[in-house]
Amino acid sequence: MSSFRVKPSKPVAIFGAVFGVAILVFGFVNANKSGGFIWLWLIAGVAIIGFNLWAAFSKNGATEVISRKE
């Protein structure tokens, strides 16, 4: 069985990280209006940034593994 790693291109992954930063900025600006939901929003922003930077710069940063049965 062979497997192939699918990795996003660096520009796409970096754009995703920039999008995560935008989510964090929006969350910090509206922090006093949203109550407890803001913590979930901020954690999601950090997770998006971390995942995209890992996918962009890690040697094993594959977001999918495709296996083919032979």
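Not measured: the values here are computed from a predicted model.

**Digging into the environment of Val 65**
Its place among the elements puts Val 65 in strand E2 (residues 64–68). On the basis of relative accessible area, Val 65 is assigned to the exposed category, the value being 53%. When the C-alpha atoms of Val 65 and Ile 48 are compared, they prove to be 20 Å apart, with 17 residues separating the residues in sequence. Beyond its immediate chain neighbours, meaning those up to four positions away, Val 65 contacts Ser 3, Phe 4 and Arg 5.

**Some details on the environment of Trp 54**
Relative to the elements of secondary structure, Trp 54 occurs in helix H3 (residues 37–57). Note on Trp 54: relative accessible area 37%, which makes it partly exposed. Leave out the neighbours within four places in its chain, and Trp 54 touches Asn 60, Gly 61 and Ala 62.

**Things to note about the packing of aromatic side chains**
Tallied over the entire structure, the rule returns three aromatic pairs. Look at Phe 51 and Trp 54: their rings are 5.8 Å apart centre to centre, the planes differ by 40 degrees, and that puts the pair in the tilted class. Note that Phe 51 and Trp 54 are positioned in helix H3 at a spacing of three residues, about one turn of the helix.

Parameters and conventions
- Residues numbered from 1 in each chain as written.
- Predicted model: local features only at pLDDT ≥ 70, side-chain atom pairs only at ≥ 80, totals over all residues.
- Heavy atoms only, no water.
- Helix = DSSP H or I, 4+ residues; strand = E, 2+ residues; numbered from the N terminus.
- Buried < 20%, exposed > 50% of the residue type's maximum accessible area, 1.4 Å probe, protein only.
- Contact = heavy atoms within 4.5 Å.
- Phe/Tyr/Trp six-rings, centres within 6.5 Å; stacked < 30°, edge-to-face > 60°.

On their own, these measurements won't tell you what the molecule is for.
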